[in-house]
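The chain contents come next:
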Amino acid sequence: MAQERLQKILSRAGVASRRKAEELIVAGLVRVNGAVITELGTKADFDVDHIKVNGKQLRAPHSMVYIALNKPSGYVTTMSDPEGRKTVVELMRGVKERVYPVGRLDYASEGLLLMTNDGEFANAITSARARSRRRTLSRRTAR
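Residues numbered from 1 in each chain as written. Predicted model: local features only at pLDDT ≥ 70, side-chain atom pairs only at ≥ 80, totals over all residues. Heavy atoms only, no water.

1. Section: the nonpolar core
- Core analysis: the largest hydrophobic core is formed by 16 residues, its most contacted members being Leu6, Ile9, Leu10, Val30, Ile51 and Leu58.
- Residue assignment for this core shows that the elements contributing at least two residues are helix H1 (6-12), helix H2 (18-26), strand E2 (30-32) and strand E5 (51-53).
- Apart from the residues within four sequence positions on either side, Ile9 is in contact with Glu4, Ala44, Asp45, Phe46, Ile51 and Leu58.
- Ranked by size, the runner-up nonpolar core spans eight residues in total, among them Val65, Tyr75, Val88 and Met115. (Core = buried A, V, L, I, M, F, W, Y, C linked by side-chain atoms within 4.5 Å. Buried < 20%, exposed > 50% of the residue type's maximum accessible area, 1.4 Å probe, protein only. Helix = DSSP H or I, 4+ residues; strand = E, 2+ residues; numbered from the N terminus. Contact = heavy atoms within 4.5 Å.)

Dropping the structure here:
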């Protein structure tokens, strides 16, 4: 695979969102081939370089996982909650890959929530740029 931004690699590996990955990098918690990386935009090759986050070797997910979860009321749509409330991650027991929520539902809300370990997929369906492209495509096909 070609070199790509470290934030994207961390996101694709399911470590964190791209924004959270940027925080990890700036905090000096990411190493590439033994060197601490603190500069955003640094590139690496996931297949060639040895990447560690918090001292743990980064590994590619074994497979991409996509789960449609009917989120019940009383769960927070986050990986962890400082207030100690139940999180949607607790509903994922038995799922071997680390998955995270795509989008948000309020604590009291219930409904469809996507969970995945595919950072590119999550970014594509939630980013404003992707929504703009979808609108443009739908306008073209409606003509």
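2. Description of the packing of aromatic side chains
- Per the stated rule, a full pass over the model turns up one aromatic pair.
- A ring pair is formed by Tyr66 and Phe121, whose centres lie 5.1 Å apart and whose planes are at 85 degrees; its orientation type is edge-to-face. Taken together, the positions of Tyr66 in strand E7 (residues 66-71) and Phe121 in helix H3 (residues 119-126) put the pair 55 residues apart, joining distant regions of the chain.
- Given a relative accessible area of 47%, Tyr66 falls into the partly exposed group.
- The ring of Tyr107 carries the charged tip of Arg85 above its face, separated from the ring centre by 5.4 Å. (Phe/Tyr/Trp six-rings, centres within 6.5 Å; stacked < 30°, edge-to-face > 60°. Lys NZ or Arg CZ within 6 Å of the ring centre and 35° of its normal.)

3. Topic: unusual backbone geometry
- Positive phi values are uncommon outside glycine, yet Asn33 reaches one of about 50 degrees.
- Its place among the elements puts Asn33 in the loop between E2 and strand E3 (35-37).

4. Observations concerning the side chain of Asn117
- Note on placement: Asn117 falls in the loop between strand E9 (111-116) and H3.
- Among the polar contacts listed, one links the side chain of Asn117 to the backbone oxygen of Ser63, at a separation of 2.9 Å.
- One polar contact links the side chain of Asn117 to the main-chain amide nitrogen of Val65, over a distance of 2.7 Å. (Polar contact = N/O pair within 3.5 Å; in protein donor to acceptor, adjacent residues only side chain to side chain.)

5. Things to note about the pattern of salt bridges
- By the definition in use, this model includes four salt bridges.
- A salt bridge links Glu23 to Lys20, with the nearest nitrogen and oxygen atoms 3.4 Å apart. You can see Glu23 and its partner Lys20 sitting in helix H2, three residues apart, about one turn around the helix.
- Measuring nitrogen to oxygen at the nearest pair gives 2.9 Å for the salt bridge that ties Asp81 to Arg85.
- Note on Asp81: relative accessible area 15%, which makes it buried.
- Here the salt bridges do not stand alone but share partners, grouping Asp81, Glu83 and Arg85 into one network. (Salt bridge = Lys/Arg side-chain N within 4 Å of Asp/Glu carboxyl O.)

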